[in-house]
Amino acid sequence: MIHEKAIREGKLTKGMNFTEKSLAICARIPKGKVVTYGDIACKLGSDGASRAVGNAMNGNPFSPDVPCHRVVGSTGKLTGFARGLDKKRAMLKKEGVPFKNDDQVDMAACRHKL
DNA sequence: GCCATGGCTAGTA
DNA sequence: GCCATGGCTAGTA
């Protein structure tokens, strides 16, 4: 992972591969906000790559500085997290993200526009 | 060939 | 619940 600095700053540089770019985008999500795997994929110009974005988040070496916990499924469901969904939910709640029920984020209220 | 997705359809209640 | 999709890595040769 050569582009650590750029990633942490949320910048895309030309040498980055898909994974690195995904992480860089992720770094831009403000506290209290949330984004979708698909949102990041779209932002990178490949709509079908939402699954690949999931892979990228899974390997995130800069967690939780690069806030991969702020990425959720398209419906607002908490899909996955290396240290468990309970942790993910706890972190999001602590940041003030509104929930509809225990594993469902209120997307309308806190979806971040990339 | 795996997967932290997502969208669509069959088929139950 | 099925399957198309896309990027990546473990693991074979």
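What counts, and at which threshold
- Residues numbered from 1 in each chain as written.
- Chains lettered and ligands numbered in written order.
- Predicted model: local features only at pLDDT ≥ 70, side-chain atom pairs only at ≥ 80, totals over all residues.
- Heavy atoms only, no water.
- Disulfide = S-S within 2.5 Å.
- Buried < 20%, exposed > 50% of the residue type's maximum accessible area, 1.4 Å probe, protein only.
- Near = heavy atom within 4 Å.
- Polar contact = N/O pair within 3.5 Å; in protein donor to acceptor, adjacent residues only side chain to side chain.
- Helix = DSSP H or I, 4+ residues; strand = E, 2+ residues; numbered from the N terminus.
- Nonpolar A, V, L, I, M, F, W, Y, C, P; charged D, E, K, R; others polar.
- Salt bridge = Lys/Arg side-chain N within 4 Å of Asp/Glu carboxyl O.
- Core = buried A, V, L, I, M, F, W, Y, C linked by side-chain atoms within 4.5 Å.
- Contact = heavy atoms within 4.5 Å.

**Re the state of the cysteines**
Tallied over the entire structure, the rule returns 0 disulfides. Residue Cys 68 stays outside any disulfide, its sulfur separated by 5.9 Å from that of Cys 26, the closest cysteine. Looking at Cys 110, it has no disulfide partner, and the nearest cysteine sulfur is the one in Cys 26, 14 Å off. Look at Cys 110 and you get buried, because its relative accessible area is 2%.

**Side note on the protein's contact with DNA strand C**
Close contacts around DNA strand C come from Asn 17, Phe 18, Thr 19, Ser 46, Gly 48, Ala 49, Arg 51, Ala 52 and Asn 55, and that covers them all. Within 4 Å of the protein, the contacting atoms of DNA strand C are drawn from sugar and phosphate to the extent of 75%. Within the side chain of Thr 19, an N or O atom sits 3.0 Å from a phosphate oxygen of DNA strand C. Here a base nitrogen of DNA strand C sits 3.3 Å away from a polar atom, N or O, in the side chain of Asn 55. Put simply, the parts of the chain that give the surface near DNA strand C at least two residues each are helix H2 (18-26) and helix H4 (50-58). Residue contributions to the surface near DNA strand C peak at 3 residues, all from H4. Grouping the constituent residues of the surface near DNA strand C by class yields 3 nonpolar, 5 polar and 1 charged.

**Overview of the pattern of salt bridges**
A full pass over the atoms with the stated rule returns 8 salt bridges. In this structure, the salt-bridge partner of Arg 8 is Glu 4, at a minimum N-O distance of 2.9 Å. With Arg 8 and Glu 4 both in helix H1 (residues 4-9) and 4 residues apart, this pair spans about one turn of that helix. Asp 39 is paired through a salt bridge with Arg 111; the nearest N and O atoms lie 2.9 Å apart. In this pair, Asp 39 sits in helix H3 (residues 37-43) while Arg 111 sits in the segment after helix H6 (107-110), placing the two residues 72 residues apart along the sequence. Here Arg 111 falls in the partly exposed class, since its relative accessible area comes to 41%. When salt bridges that share partners are traced, they join Asp 86, Arg 89, Lys 93 and Asp 102 into one network.

**Structural notes on the nonpolar core**
With 22 residues, the main nonpolar core has Ile 7, Cys 26, Ile 40, Val 53, Met 57, Val 66 and Val 71 as its most contacted residues. Counting only elements with at least two residues in this core, the list comes to H1, H2, H3 and H4. Top element by residues in this core is H2. It accounts for 4 residues. When near neighbours in sequence (up to four residues on either side) are disregarded, Val 71 contacts Cys 26, Ile 29, Val 35, Thr 36, Tyr 37, Ile 40, Met 57 and Lys 88. Judged by nonpolar contacts, the second largest core, of 9 residues, contains Val 34, Leu 92, Val 105 and Cys 110.

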